[in-house]
Amino acid sequence: MDVPYDLTSYVRVLKMATTPTTEEFLQVSKIAGAGVILIGLVGFLIGAIMLFLTNGGGV
């Protein structure tokens, strides 16, 4: 492992990186939020189906 080479490549990437504009940040936030909601919905549906199949509803 060539540590000095690794560090220079990391520094080069950090120098190229820029902060996102407000529009870019909002777009990424919306996509990430939609992903969280989608994963939560899938988990809820799986839990509801399992509850129904195991007769956990008490019916």
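The model shown is predicted, which means the values in this text are computed figures rather than measured ones.

> An account of the overall build of the protein is requested, with residue identities and associated values reported.
For the protein, the count of helices and strands is two helices and zero strands. In the structure as shown, the protein presents an accessible area of about 5,600 Å², 75% of it carried by carbon and sulfur atoms.

> So, a nonpolar patch on the surface: which residues are in play, and what are the values?
A contiguous nonpolar surface patch, about 1,100 Å² in accessible area, is contributed by Leu-38, Leu-41, Val-42, Phe-44, Leu-45, Ile-46, Ile-49, Met-50, Phe-52 and Leu-53. One can find Val-42 in helix H2 (residues 22-53). A relative accessible area of 40% means that Val-42 is categorised as partly exposed.

> Lay out H2 in plain terms, naming residues and giving numbers.
The end-to-end C-alpha distance of H2 is 46 Å, a good match for the 46 Å that 32 residues give at a rise of 1.5 Å each. Looking one or two places after H2, you find Asn-55, whose phi comes out positive at around 55°.

Definitions and limits used
Throughout, a residue's number is its position along its own chain's written sequence, starting from 1. In keeping with the model being predicted, local features are shown solely for residues with a pLDDT of at least 70 and side-chain atom pairs are shown and tallied solely at 80 or more, while totals for entire chains, interfaces and linings include all residues. No hydrogens and no water enter the side-chain calculation; it runs on all heavy atoms of the structure. Note on conventions: DSSP H or I runs of at least 4 residues are helices, E runs of at least 2 residues are strands, and numbering of each starts at the N terminus. Accessible surface area values rest on a Shrake-Rupley calculation with a 1.4 Å probe, where residue burial reflects the displayed protein chains alone. Patch definition: residues with relative accessible area over 30% and no salt bridge; like charges joined within 9 Å; nonpolar side chains (Val, Leu, Ile, Met, Phe, Trp, Tyr) joined within 5 Å. Salt bridges are counted wherever a side-chain nitrogen of Lys or Arg sits within 4 Å of a carboxyl oxygen of Asp or Glu. Residue exposure (1.4 Å probe, protein chains only): buried if accessible area is under 20% of the type maximum, exposed if over 50%, otherwise partly exposed. To estimate the expected span of a helix, subtract one from its residue number and multiply by 1.5 Å.

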